[in-house]
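Close look at the chain arrangement
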Amino acid sequence: MRRLPRAAALVLGMAVAALVPAPPAAAEDLDLGAPGVVRLKAAMADRHGQLKPLYESGAVGLARDGSVVLRDAGILPLSQRQAAGALVAAENADRTALYREIARANGNPAWEQDIRITFGQRWIDRAPAGWWVQAATGAWVRKP
Amino acid sequence: MSRLTAFPKSAWPVPAAAACALILSGCITINIYFPASAAEKAADRIIDEVWQLRPSGPAAPAPEGKP
């Protein structure tokens, strides 16, 4: 018989816990200070110096899914194509890890895909004129 | 001991179910909710740094090379 009040307290406690409103995450910024996020960001910033001329030439474009694509290797000298492919692969590995890390560091691994799409849109929106980006239709367009 | 008998055993499923429902709805709410504007701001902060659009200082990048 002594178990009943304990169980009641437990249930009551759980009910109260469920009633407490979730923290208003919308008003807050996502945490970008996790070591993994900082490390990936730094690696991507370092790589940007090499990727920038590829964006400018149009060899590499920004895809809607938050990745970069070697969309026209043909405009590069043969000797540079392999290096460009390796750069793109390394960048995409870091980007995927970044989206995953941000989701994980903010307590919601399930957000990874949403974060990826949000970033994809922002990379494209903020790309300077002349860079190649993927339109909603999937077609590649040069930003005016 | 008299208090214990005040709550009939047969009525237990009611608060239990209510609690379960509340907890489950709480979990679902937390999981499907994606803070889109916070994510956009996060993206912009990352992009600023990766593309070095805004140097860490508040000063604007004055030497913006001529074409």
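Residues numbered from 1 in each chain as written. Chains lettered and ligands numbered in written order. Predicted model: local features only at pLDDT ≥ 70, side-chain atom pairs only at ≥ 80, totals over all residues. Heavy atoms only, no water.

Re the overall build of chain B
Here is the rule: Working definition: helices are DSSP H or I runs of at least four residues, strands are E runs of at least two. Numbering for both runs from the N terminus. Whether a residue is buried, partly exposed or exposed follows from its accessible area with a 1.4 Å probe, protein chains only, as a fraction of its type maximum: under 20%, in between, or over 50%, in that order. Working definition of accessibility: Shrake-Rupley area with a 1.4 Å probe, residue cover restricted to the visible protein chains.
Looking only at helices and strands, one finds three helices and zero strands in chain B. Ordered by position from the N terminus, the helices and strands of chain B form the series α-α-α. In chain B, which comprises 67 residues, the proportion classed as buried is 22%. About 4900 Å² of surface is accessible on chain B, with carbon and sulfur atoms providing 67% of the total.

Details of helix H4 (residues 112–126) of chain A
The line we're drawing: For a helix, the expected span equals 1.5 Å multiplied by the residue count minus one. In this analysis, two residues are considered to be in contact whenever any of their non-hydrogen atoms come within 4.5 Å of each other.
Its 15 residues give H4(A) an end-to-end C-alpha distance of 21 Å, which sits within 8% of 21 Å, the value for a rise of 1.5 Å per residue. Where H4(A) is buried, its residues touch helix H2 (35–57), strand E1 (60–62), helix H3 (78–105) and strand E3 (132–134) of chain A together with helix H3 (36–50) of chain B.

Describing the packing of H4(A) against H3(B)
Stated precisely, the cut-off is as follows: Lines are fitted to the C-alpha atoms to define the axes, a helix being fitted only along its stretch in contact, and any angle between axes, read from their N-to-C directions, falls within 0 to 180 degrees. To sort the angles, those under 35 degrees are grouped as roughly parallel, those over 145 as roughly antiparallel, those from 65 to 115 as roughly perpendicular, and the leftovers as oblique. For any helix crossing, the convention is left-handed if the near helix is rotated counterclockwise from the far helix by under a right angle, and right-handed if that rotation is clockwise. Under the scheme applied here, ten amino acids are nonpolar (Ala, Val, Leu, Ile, Met, Phe, Trp, Tyr, Cys and Pro), four are charged (Asp, Glu, Lys and Arg), and all others, including Gly, are polar.
It is at 9 Å that the axes of H4(A) and H3(B) come closest, and there the two elements cross at 50°. As the angle between them shows, H4(A) and H3(B) are arranged oblique. In this structure, H4(A) crosses over H3(B), and the sense of that crossing is right-handed. Facing Thr118(A), Phe119(A), Arg122(A), Trp123(A) and Arg126(A) of H4(A), the residues of H3(B) in contact are Ala36(B), Ala39(B), Glu40(B), Ala42(B), Ala43(B), Asp44(B), Ile46(B), Ile47(B), Asp48(B) and Val50(B). Classifying every residue of the contact of H4(A) with H3(B) by side-chain character gives nine nonpolar, one polar and five charged.

As for the confidence of the model for chain B
Note the cut-off: As a per-residue measure, pLDDT reflects the predictor's confidence and takes values from 0 up to 100.
Averaged over every residue, the pLDDT of chain B is 71; the share at 70 or more is 55%. Of all the helices and strands in chain B, helix H1 (residues 2–6) of chain B carries the lowest mean pLDDT, 56, while H3(B) carries the highest, 97.

Some thoughts on the packing of H2(A) against H3(A)
Residues and elements named next belong to chain A. With their axes 9 Å apart at the nearest point, H2 and H3 run at an angle of 150° to one another. It follows from the interaxial angle that H2 and H3 lie roughly antiparallel. You can see that H2 and H3 cross each other, and the crossing is left-handed. Side by side, H2 and H3 meet where Gly36, Val37, Leu40, Ala43, Met44, Arg47, Gln50, Leu51, Leu54 and Tyr55 of the first sit next to Ala84, Leu87, Ala90, Glu91, Asp94, Arg95, Ala97, Leu98, Glu101 and Ile102 of the second.

As for the sheet that holds E1(A)
Residue and element names in this part refer to chain A. Selection criterion: Only strands joined by at least two bridges in the DSSP assignment are considered to pair.
Overall, mixed pairing links the four strands, which are arranged E2-E1-E3-E4 in an open sheet. A single partner strand is all that each edge strand has here, and the edge strands are strand E2 (68–70) and strand E4 (140–142). The sheet shows a mean angle of 35° between the axes of neighbouring strands, taken without regard to direction. Pairing geometry for E1 and E3, over two bridges, is parallel. Looking at E3, one finds that Leu62 is bridged to Val133. Its contacts with the sheet put H3 on E1 and E2, and the angle it makes with E2 is roughly 160°.

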